[in-house]
Amino acid sequence: MSQTARVLTGLVAGIVLGILLAWQAPDLGLRIAAIVEPFGKLWLNALQMTVVPLVFALVVVGINQASDAAHSGRVAQQAIVSFVILLAAAAAMTAVLAPLALSMLQPDPAVAAALRGHAQDIATPSGGWADALIAIVPSNPFAAAAASAMLPLVTFALFFGFALTRLAPEPRAQVVGLLKAVSDAMIVIVHWVLWAAPVGIFALVLALTARAGLGMLQALGIYILLECALYVLAVVLLVAVAVTVGKRRFRHFMAGLVPVQAVAASTQSSLATLPAMLDSAQNRLDIPARVSGLVLPMAVSLFRITSPIQYIATACFVAWALGVDLTAAQLATGVALSVLVSMGSVGLPGQAIFLATNLPVTSAMGLPIAPLPVLMAVDAIPDVLATVGNVTGDMTATAVVAARSEGSPDAS
């Protein structure tokens, strides 16, 4: 049985048993929830312990990977700029639309009560804008790490990562290599913990549904619809960018894009779709090989357009389900961090990437992370659309870079 199937089995079993208990024996359900919940929290703690070293390593390594890529020529520099702009635009779009869409729906009070009882205390902004500004830069990065304060930790990682780019190649390579090894080791730990995912998710979902009943199932349906709608909108907007900024005729671009999207939907892997993207870019869209041959492999390595959409939408859903109104500062924090985490985490495998990347963004926005494993279990449903969105972003970025580099003598 695949990992996804095992996780979904634990999810379905927890939902079914929890709903039955809430319907037939609510008092017994509450007692059982109190018994199984500590096991779910234990599993969640095992995941959370990897977040601080993983986020620090991902940000530093991502900065240096982007720096290396940018030094390979003007086309590569234009690609990096295009990636960052598109990622930031996707995150900002989600930060505006996700809360707006969710505000049209009324969260179930039983779900909010279950999540609040299940999660740790919710951090609330205090002290005004001055304290929030001061908190961005840590006076002690080790204290920030110990407190799992993601925003000041990421600020230090940014300074550290950019400082490494100014060092001589040999010492820089040693430090980056060490942090890459730290990142890989954290992912190994996440994979170990994910072996117990069916049990951990079963315990978490059972405790939630025993308290919230059918409301939890309805909330998960809203989460799936929200992500799918945002992914579809992103695809539409990316095509518009290819036509306007990338200077591609609509029919011509779609003739080259649709076959790539079909491969992406069937493989659910941007890397596996790379040969089809290269073939379509060069033979259907007439993009020069010097551009597509450089930008598309870079995009597969550094650029996943749906990642910030997922991070922000997930955090907004958690806030909505809990009845928490996100401030502009919280949303801005999520947008900035989602771009950084996204560029540093491309290539991480499977469900490990959902937890490893959503945990820091949700935490930095002051929200509890307890609902994330449950959302991870259902995220396999919109994942097909996510892959289609990612390859659409790759092709759009390539078209944009090709349009900007026309007539440039720098093909390196």
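In the nomenclature of an unreviewed UniProt entry, the protein is known as Dicarboxylate/amino acid:cation symporter of Thermomonas brevis. Quoted verbatim from the Subcellular location (unreviewed entry) field of UniProt, the annotation for the protein is "Cell membrane".

(A) Main features of the side chain of S183. Along the chain, S183 turns up in helix α9 (residues 169-194). Judged by relative accessible area, which is 5%, S183 ranks as buried. In contact with S183, not counting residues within four places along its chain, are L54, A57 and L58.

(B) Structural context of the UniProt feature "transmembrane region" (unreviewed entry) in the protein. Here, the residues flagged by UniProt with the feature "transmembrane region" (unreviewed entry) are residues 46-67, 79-102, 142-164, 185-208, 220-245, 294-322 and 328-348. Its end C-alpha atoms 33 Å apart, residues 46-67 is made of 91% helix and 0% strand. From the first C-alpha to the last, residues 220-245 spans 37 Å; its make-up is 96% helix and 0% strand.

(C) Geometry of the packing of helix α11 (residues 214-244) against helix α12 (residues 250-267). At their nearest, the axes of α11 and α12 sit 10 Å apart, and the two run at 135 degrees to each other. Here α11 lies oblique to α12, going by the angle between them. Read as a crossing pair, α11 and α12 show a hand that is right-handed. Along its contact with α11, which presents V235, V239, A242 and V243, the element α12 presents F250, F253, M254, L257 and Q261. Its residues assigned to classes, the contact of α11 with α12 comprises 8 nonpolar, 1 polar and no charged.

About the cut-offs
- Residue positions are given per chain, counted from 1 along the sequence in the order it is written.
- Side-chain atom pairs in this predicted model are given and counted only at pLDDT of 80 or more, local residue features only at pLDDT of at least 70, and totals for whole chains, interfaces and linings cover all residues.
- The side-chain figures draw on all heavy atoms in the structure; neither hydrogens nor water molecules are used.
- UniProt positions are given in the numbering used here, feature names are shortened, and annotations may be inferred rather than shown by experiment.
- Numbering goes from the N terminus for both helices and strands, where a helix is a DSSP run of H or I of at least four residues and a strand is a run of E of at least two.
- Type-normalised accessible area, obtained with a 1.4 Å probe on protein chains alone, sets the label of each residue: buried when under 20%, exposed when over 50%, and partly exposed for intermediate values.
- The contact criterion used is simple: two residues touch if any of their non-hydrogen atoms lie within 4.5 Å.
- Comment: axis = line fitted to C-alpha atoms, over the contacting stretch for helices; angle = value between 0 and 180 degrees taken between N-to-C directions.
- Roughly parallel means an angle under 35 degrees; roughly antiparallel means over 145; roughly perpendicular covers 65 to 115; every other angle is labelled oblique.
- Crossing handedness follows the turn of the near helix against the far one: under a right angle anticlockwise gives a left-handed crossing, and clockwise gives a right-handed one.
- Put simply, Ala, Val, Leu, Ile, Met, Phe, Trp, Tyr, Cys and Pro go in the nonpolar bin, Asp, Glu, Lys and Arg in the charged bin, and everything else, Gly too, in the polar bin.

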